[in-house]
Amino acid sequence: MPAAPATPAATASANLKAALGLLLALRRAGLRQAVICPGSRSAPLAVAAALLEPTGLVLHTALDERSASFFALGLGLAAGSPAAVITTSGSAVAQLLPACVEADHGAIALLLLSADRPQRLKGCGANQSVNQETFLRDSCRWFGQGDPAGLAAMDNAAITALALQGYAASLGVRGGLPAGAVHLNLPFEEPLHADGASLAAIAKELGALVAERGAGTEGAAGVAVEEAAALQGRAVNPSQLDPGQLDSVPRLDPDRPGLVVAGPWRGSPAAWPQHLDALVRWQRRSGWPVLADALSGLRGQANLACVAAYDLLLDTASPALACPQVLRLGSLPSSRRLERWLAGLGASQLLVSEGEPRRLDPLGVVAAQYPLGLASWLAAQPELALGAPAAASLALAGTWRAAEAQLQHQLNQQLNQQLNQQLNQELNQELGQELNQQPNQQLSAAARSWSEPALARQLSRLLPAGLPLMLANSSPVRDWACFADPAAPPRPIHGFRGASGIDGTLSEACGLAEALGALVLLSGDLALLHDANGWLWRPQLRGRLTVVLVDNQGGGIFEQLPIRAEPAELLDFERLFAMPQAVDPIALAGLHGVPARRVERPADLPDLLSWALQQPFSLLVVNTDRRRDAQLRQRLRTMAPLEPTP
């Protein structure tokens, strides 16, 4: 006799219990944050997350799946562990792809939990049934699929295994890959929504279970990850491998001249102290200068001598700066000049990455890549602890330092002169107004317009020491790399240079601010507008976020490329590339309850910045002239000393 069909209430309860089992397993593995997007098919997951909130699971809600995934990306970057994004089925899953791509290239842990229709509704024209299981696969560390009949058809052991495999894979404990995104696609059969009596009963069961076993993550994450790795048969994390498992450890000679090129930091926060200590010890032993990317985290660090303006120095590179050896740390900085210089240097180059076995040498000049991190590389060579820098190495380092010092002096002169000219224009304009003269409109615009290099320099000096900063892609990250004052206070600097897109800029910053407690975002106008839904985080944001917007009426980065044609009529540059938008950023922020101010004059920046940093969420707008600034950058790039004087 066939079994009686399950009642709707029983099916809904089974769905909720299955979702609760999955999230409880993730919680015990280490999950601390979840972002919930609206949907009906995902209701069991959303309700289960809410039931786990009293155990310490922090919930955020977002109506835009793309924004949600970038917010979670910011949380994951700051914490070094994944946040989960819960979405419904259909096109909602496609909105996760940009963040998934960034997580892949940037080695950032991310968990994407999508609800789905059961298999019986696939390929038959059922509403909202799409091939969502394939949307993200190429950019994921791992794809996990629930039972085609529905998650509730799986027993608790299988659900736990699925959760642990996913969590471990997001951290990089799978196939020798670094951290990244994991997609768990979870079918649910209808009915989806448990009634009040069922909810009360399940909540009571959960309370008893938590009281018996605990739902906290203290001490459980490592065990869970080991269990997951064992299930996969690959208990391997490249950052934890024994160097003895490698055929050999590639070496460089610390007794000969060389230099270090440090790209954006992509290791875990936990690995950072050892990495920094290892680099200080290597420099103390070798004497090599460190060419430090703005996102390397190394500029301003005590006991470490860094070169910041290498991009400008290499435009007129002196042969005296060349060397026979290069130690490269991680991916390349965002400098085409540095790439060309390294490609033509003819030096022996070794690349050390932090748990990243994938090839990071687009130039094709690296002799070997050591994936286990700088601390491990040094530990495998204990003999390097002895000795002092060679005289030739100290001489090369002195040449680099002298070149940088001369260049920074010239930058101070040029950029301070530009600011003084603006102040004089302001005074002349004010004087004309006091004499009841008609203000000159062209002069008025010039007086209100900063240069972006000068803004980067001033902002680097004005921001409080230690306050985290996020640099948006395109011009802001490049200007900070070249023109920020290397003598400015040190601070953590973040960016999303994995895929180098402008997707999710504001949402990423909100996630970082939430995790770090406070953040300043420096962004261009198109990048900020591209993620206008990021303003919707304001009501629930607990971290303090200050947005400094460089408003140059379009894509300023395109002014720095050889795109414009002569005569101008041959190509409509503004329409095809710059794409200025008629949106008032202050009005847009105001619609979302975010207070905003326009920085009319350079002299106003200190006071307005002080005001903005005291607000929970604020916007400062700085107007610039992108075409004039492109010309200014070209001038600044030609003034590096051809022959630096030690």
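Residues numbered from 1 in each chain as written. Predicted model: local features only at pLDDT ≥ 70, side-chain atom pairs only at ≥ 80, totals over all residues. Heavy atoms only, no water.

Points about the overall build of the chain
At step 1: The helix and strand tally for the chain stands at 22 helices and 18 strands.
At step 2: The buried share among the 646 residues of the chain stands at 54%.
At step 3: When contacts within the chain are restricted to residue pairs at least 6 apart in sequence, those whose partners lie at least 24 apart make up 79%.
At step 4: Carbon and sulfur atoms make up 54% of the accessible area of the chain, which amounts to about 26400 Å² in all. (Helix = DSSP H or I, 4+ residues; strand = E, 2+ residues; numbered from the N terminus. Buried < 20%, exposed > 50% of the residue type's maximum accessible area, 1.4 Å probe, protein only. Contact = heavy atoms within 4.5 Å. Areas by Shrake-Rupley, 256 points an atom, 1.4 Å probe, with all protein chains shown as cover.)

Side note on the packing of aromatic side chains
At step 1: Per the counting criterion, the structure on display carries eight aromatic pairs.
At step 2: Here the aromatic rings of W535 and F617 are separated by 5.5 Å at their centres, their planes lie at 35°, and the arrangement is tilted. Here F617 lies in strand 18 (residues 617-623) and W535 lies in the loop between helix 18 (525-530) and strand 16 (544-551), a separation of 82 residues in the sequence. F617 shares its class with W535; the two are buried.
At step 3: Cation over ring: R137 sits above F143, and NZ or CZ is 4.4 Å from the ring centre.
At step 4: Here the guanidinium or amino end of R564 rests over the ring plane of F573, the centre of that ring lying 4.0 Å away. (Phe/Tyr/Trp six-rings, centres within 6.5 Å; stacked < 30°, edge-to-face > 60°. Lys NZ or Arg CZ within 6 Å of the ring centre and 35° of its normal.)

Quick word on the packing of helix 3 (residues 65-79) against helix 17 (residues 505-516)
At step 1: Look at helix 3 against helix 17: their axes get within 7 Å of each other, and the N-to-C directions meet at 40°. The angle between the axes of helix 3 and helix 17 places the two elements in the oblique class. Where helix 3 crosses over helix 17, the handedness of that crossing is right-handed. In contact with S67, F70, F71, G74, L75, L77 and A78 of helix 3, helix 17 contributes S507, E508, C510, G511, L512, E514, A515 and L516. (Axes fitted to C-alpha atoms, helices over the stretch in contact; angles between N-to-C directions. Parallel < 35°, antiparallel > 145°, perpendicular 65-115°, else oblique. Left-handed = near helix turned anticlockwise from the far one by under 90°.)

So, the pattern of salt bridges
One side chain can pair with another of opposite charge once the charged atoms of both are near each other.
At step 1: Enumeration over the complete set of coordinates arrives at 27 salt bridges.
At step 2: The partner of R41 in a salt bridge is E190, with the nearest N and O atoms 2.8 Å apart. Here the residue R41 occupies a position in the loop between strand 1 (33-36) and helix 2 (43-52), and E190 occupies one in the loop between strand 6 (181-187) and helix 7 (196-213), the gap between them amounting to 149 residues.
At step 3: Taking the relative accessible area as the measure of exposure, E190 reaches 46% and is therefore partly exposed.
At step 4: Among the ionic contacts, a cluster of salt bridges with common partners joins D104, R141, E356 and R358. (Salt bridge = Lys/Arg side-chain N within 4 Å of Asp/Glu carboxyl O.)

Re the sheet that holds strand 12 (residues 366-370)
At step 1: In spatial order, the strands read 9-8-7-10-11-12; together these six strands make up an open sheet with parallel pairing. The two strands at the open ends of the sheet, each matched to only one other strand, are strand 9 (306-307) and strand 12.
At step 2: Pairing of strand 11 (residues 348-352) with strand 12 involves four bridges; the strand directions are parallel. Bridged to L350 within strand 12 is A368.
At step 3: Strands in contact with helix 9 (residues 272-286) are strand 7 (259-262), strand 8 (290-292) and strand 10 (325-329); relative to strand 10, the strand with the most contacts, it is inclined by about 170°.
At step 4: Sheet strands touched by helix 11 (residues 336-343): strand 7, strand 8, strand 10 and strand 11. Its angle to strand 7, the strand with the most contacts, is close to 140°. (Pairing = 2+ DSSP bridges.)

Let's talk about the side chain of R285
At step 1: On the secondary structure map, R285 appears in helix 9.
At step 2: A residue is classified by how much of its surface remains accessible, and R285, at 9% relative accessible area, is buried.
At step 3: Within polar-contact distance, the side chain of R285 engages the backbone oxygen of A388 at 3.4 Å.
At step 4: Not counting the four nearest positions on each side in its chain, R285 is found in contact with P254, D255, L384, L386, G387, A388 and P389. (Polar contact = N/O pair within 3.5 Å; in protein donor to acceptor, adjacent residues only side chain to side chain.)

Topic: the confidence of the model for the chain
At step 1: Across the chain, the average pLDDT comes to 87, with 86% of residues at 70 or higher.
At step 2: Predicted confidence for residues 438-448 stays below pLDDT 50, and this span has twelve contacts to residues more than four positions away or in other chains. (pLDDT = per-residue confidence, 0-100.)

Examining the packing of helix 3 against helix 5 (residues 97-106)
At step 1: Put simply, helix 3 and helix 5 touch, their axes get as near as 8 Å, and they point 25° apart. Looking at the two axes, helix 3 sits roughly parallel to helix 5. Mapping the contact onto sequence places R66, S69, F70 and L73 in helix 3 and P98, A99, E102 and A103 in helix 5.
At step 2: Split into classes, the residues belonging to the contact of helix 3 with helix 5 amount to five nonpolar, one polar and two charged. (Nonpolar A, V, L, I, M, F, W, Y, C, P; charged D, E, K, R; others polar.)

Focus: the sheet that holds strand 2 (residues 58-61)
At step 1: Strand order in the open sheet made by the six strands is 2-1-3-4-6-5, with parallel pairing throughout. Edge strands, defined here as strands with exactly one partner in the open sheet, are strand 2 and strand 5 (142-145). In this sheet, neighbouring strand axes are inclined to one another by 20° on average, regardless of whether the strands run parallel or antiparallel.
At step 2: Where strand 3 (residues 84-87) lies against strand 4 (residues 110-116), four bridges are found, and the strand directions are parallel. The partner of T87 across the bridge, within strand 4, is S114.

Quick notes on the side chain of D361
At step 1: Along the chain, D361 falls in the loop between strand 11 and strand 12.
At step 2: Side-chain polar atoms of D361 contact the backbone nitrogen of V365, separated by 2.8 Å.
At step 3: Those residues in contact with D361 that sit more than four places away from it in its chain are R328 and V366.

Focus on the pairing of strand 1
At step 1: Note that strand 1 and strand 2 share four bridges and pair parallel. Following the sheet pairing, A34 is matched in strand 2 by L59.
At step 2: In terms of handedness, the path from strand 1 via helix 2 over to strand 2 forms a crossover that is right-handed.
At step 3: As paired strands, strand 1 and strand 3 are joined by three bridges and run parallel to one another. Paired with A34 across the strands is A84, a residue of strand 3. (Right-handed = clockwise from strand over helix to strand, strands pointing away.)

Focus: the nonpolar core
At step 1: In this structure, W400, L471 and W480 are the most contacted members of the largest nonpolar core, which totals 57 residues.
At step 2: Per-element tally for this core: the top contributor is helix 13 (residues 391-434), with six residues.
At step 3: With residues up to four places along the chain from it excluded, the contact list for W480 reads A294, R299, A456, L459, S460, L463, L469, L471, R491, I493 and L522.
At step 4: Counting residues in each nonpolar core, the second largest holds 47 residues, with L73, L136, A509 and L549 among its members. (Core = buried A, V, L, I, M, F, W, Y, C linked by side-chain atoms within 4.5 Å.)

A closer look at unusual backbone geometry
At step 1: Omega for the bond connecting E190 with P191 falls within 30 degrees of zero, at 0°, which places this linkage in the cis form.
At step 2: In this structure, P191 sits in the loop between strand 6 and helix 7.
At step 3: Cis geometry is found at the peptide bond from E566 to P567, where omega equals 0°.
At step 4: You can see P567 is positioned in the loop between strand 16 and helix 19 (573-578).
At step 5: A positive phi is found at A107, a non-glycine position, where the angle reads about 55°.

Some points on the environment of R27
At step 1: Turning to its location among the elements, R27 is positioned in helix 1 (residues 8-29).
At step 2: Looking at R27, the relative accessible area reads 5%, which means it is buried.
At step 3: For the pair R27 and L164, spaced 137 residues apart in sequence, the C-alpha separation works out to 9.9 Å.
At step 4: At a separation of 3.0 Å, a polar atom in the side chain of R27 contacts the main-chain carbonyl oxygen of L31.

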